[in-house]
Structures are given as structure tokens and as C-alpha cells.
Amino acid sequence: MKSVKRIDTVFVPVTDLQKSEKWYMSIFPFKVVYRSSDGQYVGFRFNEKGEMKTALTLYKVEKMPEHHHIAFNFYCEDVDGFHSFLVNQNYQVSDIHSGDGMRFFDLYDPDGNGLGIVTF
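Report on the accompanying structure. In this text, all values refer to a predicted model and were calculated from it rather than measured experimentally.

Among the 6 residues in strand 8 (residues 114-119), 6 count as buried, and that is most of the element. The alternating pattern of strand 8 places Gly114, Gly116 and Val118 and Leu115, Ile117 and Thr119 on opposite faces, both of which are buried. As paired strands, strand 5 (residues 73-75) and strand 8 are joined by 3 bridges and run parallel to one another. Across the sheet, the residue bridging to Asn73 is Gly116, located in strand 8. As paired elements, strand 7 (residues 102-108) and strand 8 share 6 bridges and run antiparallel to each other. Each bridged residue has a counterpart across the sheet, and for Tyr108 the counterpart in strand 8 is Gly114. The loop that links strand 7 with its antiparallel partner strand 8 comprises 5 residues; one of these, Gly112, has a positive phi angle of about 90°.

Right under this line is the structure:
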């Protein structure tokens, strides 16, 4: 029996695919690894050598679904430095919080999707 080895792709809804692609590429060290022929999806992976890890795929929606919680976290070794960088670039972020051995904050994309940034 074959076993599951990783989460392959996380899907994030966006209303303006081109605007969101630029936004995500301006913050994260991504490379584009997929574009759908219908122009409704663009997929990224971290631009690093070695085994391909979890991807992030943006998909076009007409109306944003309601969110009650962030869907996932990005791990970051220097939460304070990354937070300062984002604040200085005028990105929308929450304050840094601490709890249970973690330090974390939320970053919001142009559609209001909350992206967790965490270190532990």
C-alpha cells in the first residue's frame, strides 16, 4: 500500500488573480510552477533546491468565502524581523502574539485571507 507523504497544495481563493500573484511574489520567495490554461489558477512553490514541498495555489473566485480562522501558517525563523519588514512596506499585519512556546502574527492578502506567520 502506498502512503501519503505530504500536503501537496494549499488552495487560496482570490478575486484578482494577477494582483494577488504579484502580492504573493513580492513577499515570499516563490517560483511559479503552474498556470491553468483557463487563467483561473496559478501555483507556487518555494524557490529552493531539493524535494518539492507543499505548494500554494491561488484560484479565482467572484466572491470571497467567509473565513473564521486562518487556514495555515508559514514557518519563519525571525518572526520579529519579518514582521518589521512587512510593517515598513505597509502590508497589513496583526501584532505579534506569544503563547504555548510560539510567537506568531497574521498577514492579510489583498482579499483579506489571513496567513499565519509562526516560529517556535
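Within helix 1 (residues 17-27), burial applies to Leu17, Ser20, Glu21, Trp23, Tyr24 and Ile27. When helix 1 is viewed along its axis, its buried side chains cluster within an angular range of 165° and face the same direction. Seen from the buried face of helix 1, the exposed residues on the opposite side, beyond 90 degrees, are Gln18 and Lys22. Between the side-chain oxygen of the N-cap and the backbone nitrogen of Gln18 there are 3.3 Å, and the N-cap of helix 1 in question is Asp16.

A word on the packing of aromatic side chains. Any pair of aromatic rings gets described here by the distance separating the centres and the angle formed by the planes. Applying the stated criterion across every chain, the model contains 17 aromatic pairs. Taken together, a centroid distance of 5.1 Å and an interplanar angle of 10° make the contact between Phe30 and Phe44 stacked. Residue Phe30 is located in strand 2 (residues 30-35), and its partner Phe44 is located in strand 3 (residues 41-46); the two are separated by 14 residues in the primary sequence. Overall, the relative accessible area of 0% leaves Phe44 in the buried class. Look at Phe82 and Phe85: their rings are 6.4 Å apart centre to centre, the planes differ by 10°, and that puts the pair in the stacked class. Here the residue Phe82 and the residue Phe85 both occupy positions in helix 2 (residues 79-88), the gap between them amounting to 3 residues, near one helical turn. Phe85 gets classed as partly exposed once you look at its relative accessible area, which sits at 36%. Among the aromatic residues, those joined into a ring-pair cluster are Trp23, Tyr24, Phe28, Phe30, Phe44, Phe46, Phe72, Phe74, Phe82, Phe85, Tyr91 and Phe105.

Reading the values: the criteria
- Residues numbered from 1 in each chain as written.
- Predicted model: local features only at pLDDT ≥ 70, side-chain atom pairs only at ≥ 80, totals over all residues.
- Heavy atoms only, no water.
- Buried < 20%, exposed > 50% of the residue type's maximum accessible area, 1.4 Å probe, protein only.
- Helix = DSSP H or I, 4+ residues; strand = E, 2+ residues; numbered from the N terminus.
- Pairing = 2+ DSSP bridges.
- Arc of directions from axis to C-beta.
- Polar contact = N/O pair within 3.5 Å; in protein donor to acceptor, adjacent residues only side chain to side chain.
- Phe/Tyr/Trp six-rings, centres within 6.5 Å; stacked < 30°, edge-to-face > 60°.

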